[in-house]
Amino acid sequence: MSPKKEIQATELDINLSSRTETEYFKWFLACLLFGKPVQQGVAKRAFLELVQEGITSPDAILAAGWDRLVEILDEGHYVRYDFSTATKLLDVAGAIKEEYGTFGEMLKRFGSVEELEVHLQEFKGVGPKTVEIFMRDMRPLLE
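Residues numbered from 1 in each chain as written. Predicted model: local features only at pLDDT ≥ 70, side-chain atom pairs only at ≥ 80, totals over all residues. Heavy atoms only, no water.

An unreviewed UniProt entry annotates the protein chain as DNA glycosylase of Aspergillus caelatus.

A.B. asks: Looking at this model, I keep getting lost on helix α7 (residues 128–142). Mind explaining?
C.D. replies: Within an α-helix, residues lying three or four positions from one another point in the same direction, as the helix has 3.6 residues per turn. Relative to the 21 Å expected for 15 residues at 1.5 Å per residue, α7 spans just 18 Å between its end C-alpha atoms, considerably shorter than the ideal helical length. At Arg136, α7 is bent by approximately 50 degrees, the largest bend along its length, and proline Pro140 sits one to four residues beyond. For α7, the full list of buried residues reads Thr130, Val131, Ile133, Phe134, Met135, Asp137, Met138 and Leu141. (Helix = DSSP H or I, 4+ residues; strand = E, 2+ residues; numbered from the N terminus. Expected span 1.5 Å × (residues − 1). Bend = angle between axes of the 7 residues up to and from the residue. Buried < 20%, exposed > 50% of the residue type's maximum accessible area, 1.4 Å probe, protein only.)

A.B. asks: Where do I start with helix α4 (residues 82–100) in this structure?
C.D. replies: Its 19 residues place the ends of α4 26 Å apart at the C-alpha level, agreeing with the 27 Å of an ideal helix rising 1.5 Å per residue. Asp82, Thr85, Ala86, Lys88, Leu89, Leu90, Val92, Ala93, Ala95, Ile96 and Tyr100 are the residues of α4 that are buried. Summarising the contacts, the buried residues of α4 are in contact with α1 (21–34), α2 (40–52), α3 (58–75), α5 (103–109) and α6 (113–120). Positive backbone phi, at 90 degrees, marks Gly101, one or two positions downstream of α4. (Contact = heavy atoms within 4.5 Å.)

A.B. asks: Explain the packing of α1 against α4 here, please?
C.D. replies: Axis angle and axis distance: for two packed helices, these are the angle between their axes and the distance between the axes, and together they describe the pair. Two elements in contact, α1 and α4, have axes whose closest approach is 11 Å; the angle formed by their N-to-C orientations is 145 degrees. As for the relative orientation of α1 and α4, their crossing is right-handed in sense. Only Thr85, Lys88, Leu89, Val92 and Ile96 of α4 make contact with α1, whose side of the interface consists of Phe25, Phe28, Leu29, Leu32 and Leu33. By residue class, the composition of the contact of α1 with α4 is eight nonpolar, one polar and one charged. (Axes fitted to C-alpha atoms, helices over the stretch in contact; angles between N-to-C directions. Left-handed = near helix turned anticlockwise from the far one by under 90°. Nonpolar A, V, L, I, M, F, W, Y, C, P; charged D, E, K, R; others polar.)

A.B. asks: Sorry, what's going on with the pattern of salt bridges here?
C.D. replies: Under the counting rule described, the total for this entry stands at eleven salt bridges. Put simply, Glu143 and Arg139 hold a salt bridge, and the shortest N to O gap is 3.9 Å. Residues joined in a network through salt bridges with shared partners are Glu53, Arg68, Glu71 and Glu75. (Salt bridge = Lys/Arg side-chain N within 4 Å of Asp/Glu carboxyl O.)

A.B. asks: How do you make sense of the side chain of Thr130 when you look at a structure like this?
C.D. replies: Structurally, the position occupied by Thr130 is in helix α7. Sequence-distant contacts of Thr130, that is, excluding residues within four places in its chain, are made with Cys31, Leu32 and Gly35.

A.B. asks: Got a minute to help me understand the environment of Thr87 in this structure?
C.D. replies: Looking at the secondary structure, you find Thr87 in helix α4. Along the primary structure Thr87 and Leu69 are separated by 18 residues, whereas in three dimensions their C-alpha atoms are 8.8 Å apart. There is a polar contact of 3.0 Å between the side chain of Thr87 and the side chain of Trp66. (Polar contact = N/O pair within 3.5 Å; in protein donor to acceptor, adjacent residues only side chain to side chain.)

A.B. asks: Which parts of the structure should I look at to understand the nonpolar core?
C.D. replies: Within soluble globular proteins, side chains that are nonpolar generally end up buried alongside one another. Grouped together as the largest cluster of nonpolar side chains are 52 residues, with contacts concentrated most on Trp27, Phe28 and Phe123. Going through the elements one at a time, α1, α2, α3, α4, α5, α6 and α7 are the ones with two or more residues in this core. Per-element tally for this core: the top contributor is α1, with ten residues. Non-local contacts of Phe28, meaning those with residues more than four positions away in its chain, are made with Val92, Ile96, Phe103, Leu120, Phe123, Val126 and Phe134. (Core = buried A, V, L, I, M, F, W, Y, C linked by side-chain atoms within 4.5 Å.)

So, in structure tokens, the structure goes:
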């Protein structure tokens, strides 16, 4: 059995080397979807639907609201976890806004990559797998 291919930010047209907060958050958003036990193709479709709808920031997630997020996830065939994922996206976006103001501010707040990894897992619904995927592409930019 061949090892499962790991998704990379570049495959989703996310340009992390731009070092912009928008691209960093888009990668985090993708990792929130890829962190669930769903087929990678399904997670990718759902992510691309969110991007197409302009849902690429905590503000945009909060503005869309739960019903719209569920619709978009369903359009991407992310149906098994649509309700829980819509809730998670809203929880995470709200926590980022409340605690840090912006995603970029959150990234700047921590002195080490390890500290950031710990704090990312404090978000409701963000576990070690999501953080592992996110940090795989982000670590070189943050170290």
